[in-house]
Amino acid sequence: MMNFQGSHILSVSQFDRTAISRILQVSALMAPYAERKKRCHVLDGAILNNLFFEPSTRTRVSFGAAFNLLGGFVRETVGVENSSLSKGESLFDTAQVISGYSDVIAMRHPTMHSVTEFAQGSTVPVINGGDGANEHPTQALLDLFTIESEMKRFGKSLDGLNIVLMGDLKHGRTVHSLSKLLSLYNKIKITLVSPIALQMPESIVSALSNAGHQVIITDKIAGNLACDVIYQTRIQQERFASKDEANLYRGHFSLNKRIYQEYCKEHTVIMHPLPRDSRPEANELDTDLNDLENLAIFRQAQNGVLVRMALFALTLGVDEKLSQYEKPVTWFTKK
Ligand code: CP
């Protein structure tokens, strides 16, 4: 069993199924705190430094909320321009300094493998909040948590899952990390729907095939969406040379109620890591899907709090002490 305490969380490749089961199990324990049924102050006095050198809403805010929900303090740096990285300081030196001010660090950066480079200079655990087009391990874990909980409604599990990943599979780090995690399960059917130029990297396709899974690669929606879960992604404009180049692919793989009803199954669950691009030229996940019970995108985003709470508890070694540090909630709450 992986020893989480003091470990960096940099890639999903660190995990085996036992480690993932433990993360999902601790995530479920966090629900009463996230739902404000009880408080937990097991991290009272601890400091998270949230370093976000690339735009983020969900990952940055949910890391912060997760740490606060366990009683800890959060400090934030947002944007390279607000950091001495803009004066030429190295990631290693920055890590040496910031880790002296922190108990744990969460970091997002536009360059692939930059978070690993940073972690080499850190004396405290570093959690990867997304490094360029490489990986987004905490998103993949919350996606897996979501798939497992959504599939339970239909008496299904992760083994035997029939999943479609659709959109910009070349640059989408969430689908890279999720595919790697899914490869650990049994008998997955995974259909990769994308423009030919934006196909999933060959190394990830090979890893899935070599693990015995059925992989279908296509640039056609018709006939390919009858699945348990459809996971839509955004055209990652920030990874293209220009907006014009990204525009070549925008809007070609949109999902709306008509397409859903024509090609998906009655119970197909719709996921998306968000943000969805709701501009008319993209409209990749139409708002006409908003009234469908199977649209799981906001439950998925909420699960990010649970999974990030679990990762803090595990890396800081308090996952078995939660109940000793509970308090009642004293304010009005609708949750
Ligand atoms: N899913 C995700 O990473 O969202 P943000 O970019 O808003 O953090």
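Scroll up for the structure.
Each residue is numbered by its place in its chain's sequence as written, counting from 1. Confidence filtering applies because this is a predicted model: local features only for residues at pLDDT of at least 70, side-chain atom pairs given and counted only at 80 or more, and all residues used for totals across whole chains, interfaces and linings. The side-chain quantities take in all heavy atoms of the structure and omit both hydrogens and water.

Time to look at the site of the ligand. By convention in this text, a residue qualifies as near a molecule or strand provided that one of its non-hydrogen atoms is within 4 Å of it. Taken together, Ser56, Thr57, Arg58, Thr59, Arg108, His136, Gln139, Pro273, Leu274 and Pro275 form the complete shell of residues around the ligand. As used in this structure description, the phrase polar contact means that two N or O atoms lie within 3.5 Å; if the pair is within protein, one of them must be able to donate a hydrogen and the other to accept it, and residues adjacent in sequence are counted only when both atoms belong to side chains. Contact distances for the ligand include 2.6 Å between an oxygen atom and a side-chain N or O atom of serine 56. Separating a nitrogen atom of the ligand from a backbone N or O atom of leucine 274 is a distance of 2.9 Å. Among the cavities detected, the one that contains the ligand is the second largest pocket. Using protein atoms alone on a 1 Å grid, points that fit a 1.4 Å probe yet trap it form a cavity, whereas open point sets bounded by protein on both sides within 12 Å along at least five of seven lines form a pocket; residues with an atom within 4 Å of a point count as lining. In this scheme, a molecule is assigned to a cavity or pocket if more than half of its atoms are within 2 Å of the grid points.

Side-chain alternation along strand β9 (residues 229-232) places Val229 and Tyr231 on one buried face and Ile230 and Gln232 on a second face that is also buried. Being paired, for any two strands, means DSSP has found at least two bridges between them. Under the scheme used here, helices are H or I runs from DSSP no shorter than 4 residues and strands are E runs no shorter than 2 residues, and both carry numbers assigned from the N terminus. Of the strand pairs in this sheet, strand β6 (residues 162-166) and β9 are connected by 4 bridges, and their pairing is parallel. Bridge pairing in β9 places leucine 165 opposite tyrosine 231. Here β9 runs beside strand β10 (residues 269-271); their pairing, made up of 3 bridges, is parallel. Here's how the labels work: a residue is buried when its accessible area is under 20% of the maximum for its type, exposed when over 50%, partly exposed in between, all with a 1.4 Å probe on protein chains only.

With that out of the way, let us pick up the side chain of serine 27. Mapping serine 27 onto the fold places it in helix α1 (residues 17-29). Accessibility expressed as a relative area gives 0% for serine 27, which makes it buried. With near-sequence residues (within four places) excluded, serine 27 lies in contact with Phe145, Leu306, Val307 and Ala310. Contacts are residue-level and defined by heavy atoms, with any inter-residue pair within 4.5 Å sufficient.

Time to look at the pattern of salt bridges. Pairs may arise between side chains of opposite charge once their charged atoms sit close together. Salt bridges are defined as contacts in which a side-chain nitrogen from Lys or Arg sits within 4 Å of a carboxyl oxygen from Asp or Glu. Tallied over the full model, the rule gives 19 salt bridges. Between aspartate 319 and arginine 22 there is a salt bridge, and its shortest N-O distance comes to 2.8 Å. Of this pair, aspartate 319 sits in the loop between α11 (297-315) and β11 (326-327) while arginine 22 is found in helix α1, placing the two residues 297 residues apart along the sequence. Both residues of the pair, aspartate 319 and arginine 22, count as buried. For glutamate 238, the salt bridge identified is with arginine 234, shortest N-O distance 2.8 Å.

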